[in-house]
Amino acid sequence: MPLKRFVQAAVAALTLFAVVPVSAQQVLKVGSTPTGIPFTSLDTKTNTIQGIMVDLITEIGKDAGLNVQIEPMQFSALIPSLTSSKIDIIAAAMFITPPRKDVVDFSDPIYTYGEGLVVPKGDTKAYATQEDLKGETVGAQVGTAFVDALKKSGLFADVKAYDTIPDILRDVNTGRLKAGYADYPIVAYNLKQGGFPEVRLVDGYKPVTVGSVGIGVRKGETALLGKINASLAKLKANGTIDKILDKWGQKAQG
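Residues numbered from 1 in each chain as written. Predicted model: local features only at pLDDT ≥ 70, side-chain atom pairs only at ≥ 80, totals over all residues. Heavy atoms only, no water.

A. Structural detail: the overall build of the chain. Counting secondary structure elements, the chain contains 9 helices and 14 strands. In the chain, which comprises 254 residues, the share counted as buried stands at 46%. Considering only contacts within the chain whose residues lie at least 6 apart along the sequence, 70% involve residues at least 24 apart. (Helix = DSSP H or I, 4+ residues; strand = E, 2+ residues; numbered from the N terminus. Buried < 20%, exposed > 50% of the residue type's maximum accessible area, 1.4 Å probe, protein only. Contact = heavy atoms within 4.5 Å.)

B. Inspection of the packing of helix α6 (residues 165-173) against helix α7 (residues 184-192) at higher detail. Remark: α6 packs on α7, axes separated minimally by 11 Å, with the N-to-C direction vectors making an angle of 60 degrees. In terms of axis orientation, α6 runs oblique to α7. Where α6 crosses over α7, the two elements pack in a sense that is right-handed. The segment α6 lies against α7, with I165, P166 and L169 engaging I186, V187, N190 and L191. (Axes fitted to C-alpha atoms, helices over the stretch in contact; angles between N-to-C directions. Parallel < 35°, antiparallel > 145°, perpendicular 65-115°, else oblique. Left-handed = near helix turned anticlockwise from the far one by under 90°.)

C. Looking closely at the pattern of salt bridges. Enumeration over the complete set of coordinates arrives at 9 salt bridges. The partner of E59 in a salt bridge is K62, and the shortest N-O contact between them spans 3.6 Å. Of this pair, E59 and K62 are both found in helix α2 (residues 52-64), 3 residues apart, which corresponds to roughly one turn of the helix. The exposed category is assigned to K62, whose relative accessible area is 61%. Via salt bridges that share partners, D88, R218 and E221 belong to a single interconnected network. (Salt bridge = Lys/Arg side-chain N within 4 Å of Asp/Glu carboxyl O.)

D. Layout of the side chain of T240. Mapped onto the elements, T240 comes out in helix α9 (residues 240-247). A distance of 2.6 Å separates the side chain of T240 from the side chain of N238, its partner in a polar contact. Contacts of T240, omitting those with residues within four sequence positions, involve E59 and L235. (Polar contact = N/O pair within 3.5 Å; in protein donor to acceptor, adjacent residues only side chain to side chain.)

E. Expanded view of the packing of α2 against α9. For the pair α2 and α9, the least separation of the axes is 9 Å and the interaxial angle reads 155 degrees. For the element pair α2 / α9, the angle class is roughly antiparallel. Two packed elements cross with a definite hand, and for α2 against α9 that hand is right-handed. For the pair α2 and α9, the contacting residues are I52, D55, L56 and E59 in the first and T240, I241, I244, L245 and K247 in the second. Considering only residue class, the contact of α2 with α9 consists of 5 nonpolar, 1 polar and 3 charged. (Nonpolar A, V, L, I, M, F, W, Y, C, P; charged D, E, K, R; others polar.)

Right, here's the structure in full:
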């Protein structure tokens, strides 16, 4: 009788150890940023990351049967964290660009836009192109497609790299920075909240770096990418994506 109980206990233990790793593998860590509203942002009331991309990856998870867990991190840490397997998915305001496609596989495009230009409110000049700020010191967010494009243009005296978009807005707000370039929807949303009263979003400015946001996975994760794209197509067709965009004050593209 004791031997039988021992065998039963051993079988139960083996079963437990066999089940736990499988369950753990089904949790996919999603890298997202605490700044980047309306795409991603930290909700201080719940201490969780919220926004368009969080709502979207959550709906994709429900549709595709994926258990997703949001992991907050700085924008510049997203790709290194993905390639080093600290996370499994990137869901943030990240453009699909050729250099990034060399190291990340992206989903189908989700939302398309370009950079917005912000200047001090007292600066009423009608800036239409980047050439209008030639020779000035401007700012952009580190790790974004905008900062690289601005540096390569050779137009500016200096292109300061900032960790977050609110950091750019603060320096423009206080007059420490002549102008800043950042994701148009994020800048527009931030300014609507009234936290930077001395900053103006230049309406007539024509963006140079226009791109589409996509969800990123590690290179070669074809099965996962296939599930994400299938869910995206379904959520677009049934109006879920439009509802998420509308919730965050954005309009569907195309």
